[in-house]
Amino acid sequence: QVQLAESGGRLVQAGGSLRLACAASRRTSNTYRLGWFRQAPGKEREFVAVINWGGASTYYADSVKGRFTISRDNAENMVYLQMNSLKPEDTAVYYCAADSGSRWPPTAAYEYDYWGQGTQVTVSS
């Protein structure tokens, strides 16, 4: 079992930067992909980015490509989401999630087995 906990969410001005962190409760194998999703009020949970824990493969949603970067520190069981050039439409609760499947890239929420509690990111204009 994998437990995940996000941190780093806060209020930030449009155009600013923020780094979110996700800590895993145990070391994951290279079969786990770690992803970021977000959900704004009244909207469906949407895919943001994913990284292969045991490799170097990443994939991003078109809405964040070129602005966000997902990275990992396997020794510390951490995954990060560096968010640059933030926009008000990035405002949402951000969740990290773990996928034990094999399909690449996993972009649907139902593909993920474990979820964190979420961290609020608010981008002001």
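So, a few notes on the structure that sits alongside this text. Not measured: the values here are computed from a predicted model.

1. Here we look at the nonpolar core
Buried together is how nonpolar side chains tend to be arranged in soluble globular proteins. Counting residues in hydrophobic clusters, the biggest one holds 35 residues, and the most contacted among them are Trp36, Leu81, Met83 and Tyr94. Taken together, the elements giving at least two residues each to this core come down to β3 (18–24), β4 (33–39), β5 (46–52), β7 (68–73), β8 (78–83), β9 (92–99) and β11 (119–124). When sequence neighbours within four positions are dropped, the list of residues in contact with Met83 reads Gly16, Ser17, Leu18, Leu20, Arg67, Phe68, Tyr94 and Val121.

2. Focus on the sheet that holds β3
Ordered by their spatial adjacency, 4 strands build an open sheet running β1-β3-β8-β7, and the pairing between neighbours is antiparallel. Bordering the open sheet on either side are β1 (4–7) and β7, each of which pairs with just one other strand. Ignoring strand direction, the axes of neighbouring strands in this sheet form an average angle of 20°. Summarising the sheet, β3 and β8 pair through 6 bridges and their orientation is antiparallel.

3. Structural notes on the state of the cysteines
Note on terminology: a disulfide is the covalent bond linking the sulfur atoms of two cysteines. This model, assessed by the stated rule, comprises 1 disulfide. Note on cysteine connectivity: Cys22 is disulfide-linked to Cys96, with sulfurs 2.0 Å apart. Across the S-S bond of Cys22 and Cys96 the torsion is about 60°, and the bridge reads as right-handed. Of this pair, Cys22 sits in strand β3 while Cys96 sits in strand β9, placing them 74 residues apart in sequence. The same class applies to Cys22 as to Cys96, namely buried.

4. Observations regarding the pairing of β9
Of all 8 residues in β9, 7 are buried; the element is thus mostly enclosed. In the sheet, β4 pairs with β9 via 7 bridges, with the strands oriented antiparallel. Residue Arg33 lies in a different strand from β9, and its bridge partner there is Asp99. As defined by bridge partners, β9 adjoins β11 across 3 bridges and the pair is classed as antiparallel. Within β11, the residue paired with Ala92 across the bridge is Val121.

5. Section: the side chain of Glu111
Relative to the helices and strands, Glu111 resides in the loop between β9 and β10 (114–115). Classification of Glu111 by relative accessible area gives buried; the value is 13%. Here Thr107 takes part through its backbone nitrogen, which lies 3.1 Å from a polar atom of the side chain of Glu111. Contact partners of Glu111, with chain neighbours within four places excluded, come to Asp99, Arg103 and Pro106.

Rules used throughout
Residues numbered from 1 in each chain as written. Predicted model: local features only at pLDDT ≥ 70, side-chain atom pairs only at ≥ 80, totals over all residues. Heavy atoms only, no water. Core = buried A, V, L, I, M, F, W, Y, C linked by side-chain atoms within 4.5 Å. Buried < 20%, exposed > 50% of the residue type's maximum accessible area, 1.4 Å probe, protein only. Helix = DSSP H or I, 4+ residues; strand = E, 2+ residues; numbered from the N terminus. Contact = heavy atoms within 4.5 Å. Pairing = 2+ DSSP bridges. Axes fitted to C-alpha atoms, helices over the stretch in contact; angles between N-to-C directions. Disulfide = S-S within 2.5 Å. Polar contact = N/O pair within 3.5 Å; in protein donor to acceptor, adjacent residues only side chain to side chain.

By themselves these figures say nothing about function.
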